[in-house]
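# A structural walkthrough
Each chain, written out:
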Amino acid sequence: MRGSIAPHKGQPDVWRLRVYLGTDPVTGKEPYRSKVVHAPKRRAEKILNQMDQEANAPVSTTSSMAAEQLLGHLINYLRTNGRSHTTKKRATSDESATI
């Protein structure tokens, strides 16, 4: 487990839980998820373990839609919504000329 439990502001049965989420591949930052729990220490440890399991659960990479289909939808969207009015007209006339 990559997390920590610490007393929160010296109050009895109040704990600050932190779980490491892994390095963000885009920013390179190392984010943590934090939570303050009002519970006995054993209960706080169980909650910390649950947080850790959730944070480190495998991410499903399967999808009902293939990457090719997603790109196709994106291209169609950009063709219709991502251009100015005049560019849309020109693109529509160019596409109809090539068909």
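So, here is what we can say about the structure in this document. In this text, all values refer to a predicted model and were calculated from it rather than measured experimentally. (Residues numbered from 1 in each chain as written. Predicted model: local features only at pLDDT ≥ 70, side-chain atom pairs only at ≥ 80, totals over all residues. Heavy atoms only, no water.)

### Let's talk about the overall build of the chain
The number of helices and strands found in the chain is three helices and three strands. Reading the chain from its N end, one meets helices and strands in the order β-β-β-α-α-α. Across the 99 residues in the chain, those meeting the buried criterion constitute 14%. Across the chain, contacts joining residues at least 24 apart in sequence account for 35% of those joining residues at least 6 apart. Accessible surface, the chain as shown: approximately 8,100 Å² in total, 53% of it carbon and sulfur. (Helix = DSSP H or I, 4+ residues; strand = E, 2+ residues; numbered from the N terminus. Buried < 20%, exposed > 50% of the residue type's maximum accessible area, 1.4 Å probe, protein only. Contact = heavy atoms within 4.5 Å. Areas by Shrake-Rupley, 256 points an atom, 1.4 Å probe, with all protein chains shown as cover.)

### With respect to a nonpolar patch on the surface
A surface patch of nonpolar side chains, amounting to about 490 Å² of accessible area, comprises Leu71, Leu74, Ile75, Tyr77 and Leu78. Position of Leu71 relative to the elements: it lies in helix α2 (residues 67–81). Take Leu71: its relative accessible area is 51%, and that puts it in the exposed class. (Patch = residues over 30% accessible without salt bridge, like charges linked within 9 Å, V, L, I, M, F, W, Y side chains within 5 Å. Salt bridge = Lys/Arg side-chain N within 4 Å of Asp/Glu carboxyl O.)

### Observations concerning the environment of Glu45
As for its placement among the helices and strands, Glu45 is situated in helix α1 (residues 41–55). Note on Glu45: relative accessible area 32%, which makes it partly exposed. Once the C-alpha coordinates of Glu45 and Ile5 are considered, the two residues, 40 residues apart in sequence, prove to be 7.4 Å apart.

### Structural notes on the packing of aromatic side chains
Counted according to the given criterion, the structure contains one aromatic pair. The residue whose ring lies beneath Arg18 is Tyr32, and the NZ or CZ to ring-centre distance is 4.2 Å. (Phe/Tyr/Trp six-rings, centres within 6.5 Å; stacked < 30°, edge-to-face > 60°. Lys NZ or Arg CZ within 6 Å of the ring centre and 35° of its normal.)

### Let's talk about the nonpolar core
Among the nonpolar cores identified, the biggest contains nine residues, and these are Trp15, Leu17, Val19, Val37, Ala39, Ala44, Ile47, Leu48 and Met51. When contributions to this core are tallied by element, the ones reaching two or more residues are β2 (14–20) and α1. Here this core gets four residues from one element, more than from any other, and that element is α1. Among all residues touching Ala39, those that are not within four sequence positions of it are Asp13, Val14, Trp15 and Ala44. (Core = buried A, V, L, I, M, F, W, Y, C linked by side-chain atoms within 4.5 Å.)

### Considerations on a positive patch on the surface
A surface patch of like charges, here positive, comprises Lys35, Arg42, Arg43 and Lys46. In terms of residue count, the dominant contributor to the positive patch is α1 (three residues). Its place among the elements puts Arg43 in helix α1. (Lys, Arg positive; Asp, Glu negative; His and termini not counted. Charge placed at Lys NZ, Arg CZ, Asp CG, Glu CD.)

### Regarding the sheet that holds strand β3 (residues 32–38)
The strand order across the open sheet formed by three strands is β1-β2-β3, and the pairing between neighbours is antiparallel. Two strands bound the open sheet, and with one partner strand each, they are β1 (3–7) and β3. When strand polarity is set aside, the average angle formed by the axes of neighbouring strands in this sheet is 20°. One ladder, built from seven bridges, connects β2 with β3; its direction is antiparallel. Among the inter-strand pairings, Tyr20 is bridged to a residue of β3, identified as Tyr32. Contacting β1, β2 and β3, α1 runs over the sheet at an angle of about 20° to β2. (Pairing = 2+ DSSP bridges. Axes fitted to C-alpha atoms, helices over the stretch in contact; angles between N-to-C directions.)

Function cannot be read off these values alone, since they describe shape.
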